[in-house]
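Structure at a glance
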Amino acid sequence: NAKQNTKRFAVYNKEMEKGSPRHITMMGELRHAIDTSELMVYYQPKVNLGQARVSSVEALVRWQHPEHGFLSPDEFIPMAERTGLIRPLTIWVLNTALKQGEQWYKKGLKIGVAVNLSPAALLDTELPNVIVGMLSLYEIPARYIALEVTEGSMIKDPDLALKILNRLAELGIKISIDDFGTGYSSLAYLKKLPAKELKIDKSFVIDMLESESDAVIVKSIIDLGHNLSMKVVAEGVENKETAMKLKALGCDILQGFYFSKALDHEALIHWLGKNGD
Ligand code: C2E
Ligand code: CA
Ligand code: CA
Ligand code: CA
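Here the structure is a predicted model, which means the values were calculated and not measured.

**Considerations on the overall build of the protein**
Each helix and strand in the protein was counted, giving 13 helices and nine strands. Relative to the 2.2 N^0.38 estimate, which gives 19 Å for 277 residues, the radius of gyration of the protein is 18 Å and therefore close to what a compact globule would have. Expressed as a percentage of its 277 residues, the buried residues of the protein come to 49%. Accessible surface, the protein as shown: approximately 13,500 Å² in total, 53% of it carbon and sulfur. Averaging the coordinates of the 33 positive side-chain charges in the protein and doing the same for the 35 negative ones gives two points 4 Å apart.

**Describing the coordination of the calcium ion (ligand 3)**
Protein-derived coordination of the calcium ion (ligand 3) comes from Asp178 (OD), Asp179 (OD), Glu235 (OE) and Glu235 (OE), at a distance range of 2.2 to 2.5 Å. Here the donor residues of the calcium ion (ligand 3) are spaced in sequence according to D-D-x55-E.

**A closer look at the packing of helix α4 (residues 86-106) against helix α6 (residues 127-137)**
Between α4 and α6, whose axes approach to 10 Å, the crossing angle comes to 25 degrees. With respect to α6, the axis of α4 lies roughly parallel. For α4 against α6, the interelement crossing comes out right-handed. Of α6, the residues touching α4 (which contributes Ile91, Leu94, Asn95, Leu98 and Glu102) are Leu127, Val130, Ile131, Met134 and Leu137.

**Structural notes on the site of ligand 1**
Near ligand 1, the surroundings consist of 22 residues, among which Gln44, Arg62, Ser118, Glu238 and Phe257 are the closest. Lys202 has a polar side-chain atom sitting 3.1 Å from an oxygen atom of ligand 1. Calculation on ligand 1 without its partners gives an accessible area of 800 Å², and the protein chains cover 86% of this total. Of all elements in the fold, only β2 (53-65), α4 and β6 (174-180) reach the threshold of two or more residues within the shell around ligand 1. If one sorts the elements of the shell around ligand 1 by residue count, β2 sits on top with four residues. Residues belonging to the shell around ligand 1 are distributed by class as follows: nine nonpolar, five polar and eight charged.

**A closer look at the environment of Thr90**
Mapped onto the elements of the fold, Thr90 is located in helix α4. By relative accessible area, which is 5% here, Thr90 ends up buried. Excluding residues that lie within four positions of it along the chain, Thr90 makes contacts with Asn116, Leu117 and Ala121.

**Observations regarding the packing of aromatic side chains**
Per the counting criterion, the structure on display carries five aromatic pairs. Judged by centre distance (5.8 Å) and plane angle (55 degrees), the rings of Tyr42 and Phe70 are tilted. Here Tyr42 is found in strand β1 (residues 39-48), whereas its partner Phe70 is found in strand β3 (residues 69-71), with 28 residues between them in sequence. Take Tyr42: its relative accessible area is 17%, and that puts it in the buried class. With a centroid separation of 5.4 Å and an interplanar angle of 85 degrees, the aromatic rings of Trp63 and Phe76 are classed as edge-to-face. With a gap of 13 residues between them, Trp63 in strand β2 and Phe76 in the loop between β3 and α3 (77-82) connect regions that are remote in the sequence. A single burial state applies to Trp63 and to Phe76, both of which are buried.

Calculation rules
- Residues numbered from 1 in each chain as written.
- Chains lettered and ligands numbered in written order.
- Predicted model: local features only at pLDDT ≥ 70, side-chain atom pairs only at ≥ 80, totals over all residues.
- Heavy atoms only, no water.
- Helix = DSSP H or I, 4+ residues; strand = E, 2+ residues; numbered from the N terminus.
- Rg over C-alpha atoms; globule rule 2.2 N^0.38 Å.
- Buried < 20%, exposed > 50% of the residue type's maximum accessible area, 1.4 Å probe, protein only.
- Areas by Shrake-Rupley, 256 points an atom, 1.4 Å probe, with all protein chains shown as cover.
- Lys, Arg positive; Asp, Glu negative; His and termini not counted.
- Charge placed at Lys NZ, Arg CZ, Asp CG, Glu CD.
- Donors = N, O, S within 2.8 Å, 3.2 Å for Na, K, Ca; no water.
- Axes fitted to C-alpha atoms, helices over the stretch in contact; angles between N-to-C directions.
- Parallel < 35°, antiparallel > 145°, perpendicular 65-115°, else oblique.
- Left-handed = near helix turned anticlockwise from the far one by under 90°.
- Contact = heavy atoms within 4.5 Å.
- Near = heavy atom within 4 Å.
- Polar contact = N/O pair within 3.5 Å; in protein donor to acceptor, adjacent residues only side chain to side chain.
- Nonpolar A, V, L, I, M, F, W, Y, C, P; charged D, E, K, R; others polar.
- Phe/Tyr/Trp six-rings, centres within 6.5 Å; stacked < 30°, edge-to-face > 60°.

Shape descriptors only; they carry no functional weight alone.
Here it is, written out as structure tokens:
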């Protein structure tokens, strides 16, 4: 895991312990990036097989760093999570994505937008109020908004997570369980969550054609989700054969490089135009 981290933090790899000079510099830069226009939100299509169309997109943050160039979220989200910065960052992403969603909605595009919530961002008692504020600010119905949460939130503080998720679901927001199968999955909490969507982690999807055990896991998660009345999403769909196999297994929604990587909003509109929406 240490090795993996070194690879991931190619830019910020030295002395990244909390409180170290590099860490403090990076946190200052990220704080600055949130306040300026260095952060961007890209959108990856989620293809709904039942409706044969893109019914929503996932908002994925990027950082155009003045010196280090284009940084992927894996290079700064984990650090933001270990400090308080994940909250202002999440609020910035939510605002940006909802403002964008409002524009699509006004154009009649009927595209939902999903935002990722780290455990520290979800486990914030102020979050539902912040979202209520945004819902009154932007003209986009709550049903067009989804929040992708991971099992990590349930492990950290199950009672608080459940309370906040129930409040968000009452507002009409769709709750989606992300990266399913990678955490310490407990089936006990799964049925308690007000979630309408289950996302199979891409690590199972990417090799499912070659790996029989991955294929079995994917099929089991699809059946589990359906038995709990949830829509099931497969992420990491990189080729046509995988898409066909997932469709045959009854998966509801597909997401991956086979369809499109995450795009800025202009490129997304262009892509949607070319792909029949
Ligand atoms: P995630 O939520 O699991 O998002 C899916 C990631 O898989 C994205 O990486 C996406 O670009 C990538 N991906 C999509 N299709 C494929 C594919 O076919 N093959 C492969 N190999 N990868 C694919 P990205 O954008 O680099 O984001 C990485 C992670 O960073 C996300 O994983 C999410 O956990 C986190 N993240 C991104 N944006 C935000 C955000 O605004 N807030 C929070 N809290 N986390 C975020
Ligand atoms: Ca996600
Ligand atoms: Ca995921
Ligand atoms: Ca992930």
